[in-house]
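Survey of secondary and tertiary structure
So you can see what is in the structure, the chains are spelled out below.
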Amino acid sequence: MGYKSGFIAIIGRPNVGKSTFLNRVIGQKIAIMSDKPQTTRNKIQGVYTTDEAQYIFIDTPGIHKPKHKLGDFMVKVAENTLNEVDAILFMINAKEGYGKGDQYILDRLQNVKSPIFLIVNKIDLVHPDELLPLIDLYKDKGNFQEIIPISALEGNNIDRLLQVLKEYLPEGPKYYPEEQVTDHPERFIITEFIREKVLQLTREEIPHSITVVMDNLERRENNTVFIQATIITERKSQKGILIGKQGKMLKNVGKRAREDIEALLGSKVYLELWVKVKEDWRNRESQLYEYGFRQ
Ligand code: GDP
Ligand code: K
Ligand code: MG
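Residues numbered from 1 in each chain as written. Chains lettered and ligands numbered in written order. Predicted model: local features only at pLDDT ≥ 70, side-chain atom pairs only at ≥ 80, totals over all residues.

Note the threshold: UniProt positions are given in the numbering used here, feature names are shortened, and annotations may be inferred rather than shown by experiment.
The name that an unreviewed UniProt entry assigns to the chain is GTPase Era, with the source organism given as Compostibacillus humi. Per UniProt, the comment on the chain under Sequence similarities (unreviewed entry) is "Belongs to the TRAFAC class TrmE-Era-EngA-EngB-Septin-like GTPase superfamily. Era GTPase family." Taken directly from UniProt, the Subunit (unreviewed entry) text for the chain runs: "Monomer."

1. Side note on the overall build of the chain
Formally: Secondary structure elements are defined from DSSP: runs of H or I of at least 4 residues count as helices, runs of E of at least 2 residues count as strands, and each element is numbered from the N terminus. We compute the radius of gyration from the C-alpha atoms alone; for a globule the expected value is 2.2 Å times N to the 0.38, where N is the number of residues. Once C-beta atoms are placed from the backbone, each residue is buried if 20 or more other C-beta atoms lie within 10 Å of its own, exposed if 12 or fewer, and partly exposed for counts between those two. What counts as a contact here is a pair of residues whose C-beta atoms, placed from the backbone, lie within 7 Å.
Secondary structure summary: the chain contains 10 helices and 9 strands in total. Computed over the C-alpha atoms, the radius of gyration of the chain is 20 Å, within 12% of the 19 Å expected from 2.2 N^0.38 for a compact globule of 295 residues. Dimensions of the chain, computed from C-alpha atoms along their principal axes, come out at roughly 55 × 40 × 40 Å. Here the chain holds 295 residues, and 37% of them are scored as buried. Restricting to contacts in the chain with at least 6 residues of sequence separation, those with at least 24 account for 69%.

2. As for the confidence of the model for the chain
Basically, it comes down to this: Summary of the metric used: pLDDT quantifies the predictor's per-residue confidence within the range 0 to 100.
Model confidence for the chain is summarised by a mean pLDDT of 88, while 95% of its residues fall at 70 or above. Here the predicted complex scores 0.78 on pTM and 0.98 on ipTM.

3. What to know about the site of ligand 1
Heads up, the condition is: For each residue, a C-beta atom is placed from the backbone, and the residue is labelled near a molecule or strand when this atom is within 6 Å of it. All amino acids are sorted into three groups, where Ala, Val, Leu, Ile, Met, Phe, Trp, Tyr, Cys and Pro are nonpolar, Asp, Glu, Lys and Arg are charged, and the leftover types, Gly among them, are polar.
Taken together, 20 residues lie near ligand 1, and Gly 17, Lys 18, Ser 19, Thr 20 and Leu 153 sit nearest. The greatest single-element share of the shell around ligand 1, amounting to 3 residues, is contributed by helix H1 (residues 18-26). Its residues placed into classes, the shell around ligand 1 shows 6 nonpolar, 10 polar and 4 charged.

4. What to know about helix H6 (residues 186-201)
Here is the rule we go by: The length a helix should cover is 1.5 Å for every residue beyond the first.
Across its 16 residues, H6 extends 23 Å between first and last C-alpha, which sits within 8% of the 22 Å expected from 1.5 Å per residue. Where the residues of H6 are buried, they touch helix H7 (206-209), strand E7 (211-220), strand E8 (224-233), helix H8 (236-243) and helix H9 (248-265).

5. What about the domain arrangement of the chain?
Applied cut-off: The start and end points of each domain follow an automatic or database-based domain assignment.
Taken domain by domain, the chain comprises domain 1 (4-168) and domain 2 (186-290). On the side of domain 2, 14 residues touch domain 1, which itself brings 11 residues to the contact. Its residues assigned to classes, the side of domain 1 that touches domain 2 comprises 4 nonpolar, 4 polar and 3 charged.

6. Focus: unusual backbone geometry
Residues other than glycine seldom take positive phi values, yet Asn 15 does so here, at roughly 75 degrees. If you trace the backbone, Asn 15 turns up in the loop between strand E1 (4-11) and H1. The exposure class of Asn 15 is buried, given the 20 C-beta atoms found within 10 Å. Positive phi outside glycine occurs at Asn 157, with the angle close to 70 degrees. On the secondary structure map, Asn 157 appears in the loop between strand E6 (146-149) and helix H5 (158-168).

This is the structure:
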């Protein structure tokens, strides 16, 4: 038997745990996580390499009905991905069961040729007795190769999932060198870490109205890295909240982001954050392009 490799899309409603699963498999944080929907905006590729196979996972932004141009972009990325992959992991939340959002995705999977696996995540939150009826319900709703319950958070049954998945990967080369875990540049992951902290620390419309731009990254002596970045927001009132009383919010975002960035780079990090208003940036084609939302 030769070496196997392939591309695997992870899809599912917002918050089912797609990014958590990816980070768990990769064993390193490359995708940001939060309890807010639409946390992931771009396609994130995570690479997991063993002696027998290379799995290239694609964490897609959630499939949902778009409300603005940025939403259009996200949905398109997700739908294009489905027809280009060797396998699809359709992830659901064991605790929430079946809902409208799941049906919307099941409809989109109807004409897809790639093998589809139903991944029932967050089993740590339910009693085993609740699991079987949910699995039975889904059996009728789609054509799944296998149904695999896991807990991405606690790491349960992930090994089995990888084992099963390997059977479905075609023979192929190592597309990426063993030590590479993602196709995204460091700079992108750093701005994502900053965005994650804003997501985790703010509420209502703020999490979705911001993006983060890297202005400068400099490696200096003694393994230190100096970073300047700007948080872009849509309105002046949001800027006030992001900075906070006596700069408290921005300081907090910066402190938490710095810890993640230091772990990523293995360096001491100095992080300087700014906040800037760009009215209605999510609906402006040119602005979206400038901030990296390109097909
Ligand atoms: P995504 O939107 O599908 O990428 O979901 P995230 O990975 O961002 O996770 C959404 C929330 O669910 C986060 O608060 C995670 O900590 C939580 N979560 C993810 N997987 C599990 C799991 O297996 N068990 C539990 N209890 N929580 C989980
Ligand atoms: K999320
Ligand atoms: Mg995500």
